[in-house]
Amino acid sequence: MGGRVRVRTVSGPLTVFAPGFEVWLAARGYAPATVMHRRRLFDHLSRWLELEGLRADELTAERAEQFLRARRAAGYVTWVSMRSVVLPLEYLREVRAVPPPVAVVAEGPLEELLVGYRSYLVRERGLAQSTIAEYERVARLFLGQRPGGLALGELAAADVSGFLVRECPRRSVAGARHLVSPLRSLLRYLHVAGLIGMPRVWAVPGVADLRDRSLPQGVEPAVVARLWASCDRRRTVGRRDYAILLLLVRLGLRVGEVAAIELGDLDWRRGEILIRAKRNRHDRLPLPVDVGEALVAYLRRRGRHECRALFLKAHAPAGALRGNTVCGVVGDACVRAGVPRVGAHRLRHTAATGMLRQGASLPEIAQVLRHREIKTTAIYAKVDRTRLRALAQPWPGGQS
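1. A word on the overall build of the chain
Helix and strand content of the chain: 17 helices and 3 strands. Out of the 400 residues in the chain, the part that is buried amounts to 40%. Contacts in the chain between residues at least 24 apart in sequence constitute 61% of all its contacts with a sequence separation of at least 6.

Dropping the structure here:
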């Protein structure tokens, strides 16, 4: 039945925190009905603490599990999983009403080594957190297979080769490439840290690179126009998605760069946008007029929020978009437009090939795409068939 949910006045040791909890939920984008239901659960939790003779600061994750078991025993079938108490515990920890969760400290030589490796990746390499997590996963996989413990002093080239022989057949070419690169990084660290006497990076062979055997695939202008048109700009989420697609196509941004844009990165006076690129690089690019207009249209609907990220999630809890969500924006636009699904990186190729067709030079394209080496940009030279045809010479003694 669709009647109103009656919520009693919160009583018990959590009473003083109830008003702040409601404001906290509303600020995170939760609907009024959801706030009402959450407040009701908050009241049940507070009353349970009172019945158990517990204070607010005695509420731990273990006590929360006891509360949920009591709810299930009382016949409740909703709000009975640990996910139900995540928000109350998060808020109460934020206002320091309950103790923070006890961190589980992993012990052992492997964990100590990984702590040092993680610090090296952050301080010396300046890698992104997602990349560090991937490198640490490969390091754990490689070191965890060492027989008889780590025994790094006995690490030989045959051990590295044997690991790759076991793991690479289970992966695609791209997966193998994502395995050998972190492995080289780990071996380099082990040598720098003095854990192995000789560098073993040379023991990691290269993976056959097939990327240069095919043309970079952009998206046709007609398809791009359909993607843009699929965004309902009467709604906030439509304006957000339209601005994201423009940034991907017009500036050739990566998904992580789109997700990392903050409000302070937009310099309206100079008409520039700050891009937080890979390896902690900060680059400034001109802000095209159409992109700027799309961003202004979105910001007028975005509303005030404590999060400084430019693009926010459409559903509660409100917060910054992640890279995978940006990929989802592109995929959803393809579905709405009725075109074959393309990845977000294809739109980066589209930006490069579009600049090339308009007469931009490879150094100019490299500056926009923020490539560190011009050979990375050179793959787009193969797309300019008109110039290649003009440069083509007839075979000696043959017909042109």
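2. A short note on helix 1 (residues 18-27)
Quick reminder: α-helices carry 3.6 residues per turn. Residues three or four places apart thus point the same way. If you check which residues of helix 1 are buried, you get Ala18, Phe21, Trp24 and Leu25. Axial view of helix 1: buried residues confined to an arc of 115 degrees, hence all on one face. Turned more than 90 degrees away from the buried face of helix 1 sit Pro19 and Val23, all of them exposed. Tucked into the core, helix 1 has its buried residues touching helix 2 (32-51) and helix 4 (86-94). Glycine 29 lies just past helix 1 and shows a positive phi near 90 degrees.

3. Section: the pairing of strand 3 (residues 282-286)
Covered by surrounding structure in strand 3 are Asp283 and Leu285 only, the residues His282, Arg284 and Pro286 on the alternate face being uncovered. Looking at chain direction, strand 2 (residues 272-276) and strand 3 are connected through 5 bridges and run antiparallel. For isoleucine 275, the partnering residue across the bridge sits in strand 3 and is aspartate 283.

4. Focus on the confidence of the model for the chain
Chain-level pLDDT for the chain is 84 on average; 88% of the residues reach the 70-or-more range. Per-element confidence in the chain is highest for strand 1 (residues 266-267), whose mean pLDDT is 94, and lowest for helix 17 (residues 385-391), whose mean pLDDT is 50. Every residue in residues 1-5 is under pLDDT 50, and counting partners more than four places away or in other chains gives 3 contacts.

Conventions used here
Residues numbered from 1 in each chain as written. Predicted model: local features only at pLDDT ≥ 70, side-chain atom pairs only at ≥ 80, totals over all residues. Heavy atoms only, no water. Helix = DSSP H or I, 4+ residues; strand = E, 2+ residues; numbered from the N terminus. Buried < 20%, exposed > 50% of the residue type's maximum accessible area, 1.4 Å probe, protein only. Contact = heavy atoms within 4.5 Å. Arc of directions from axis to C-beta. Pairing = 2+ DSSP bridges. pLDDT = per-residue confidence, 0-100.

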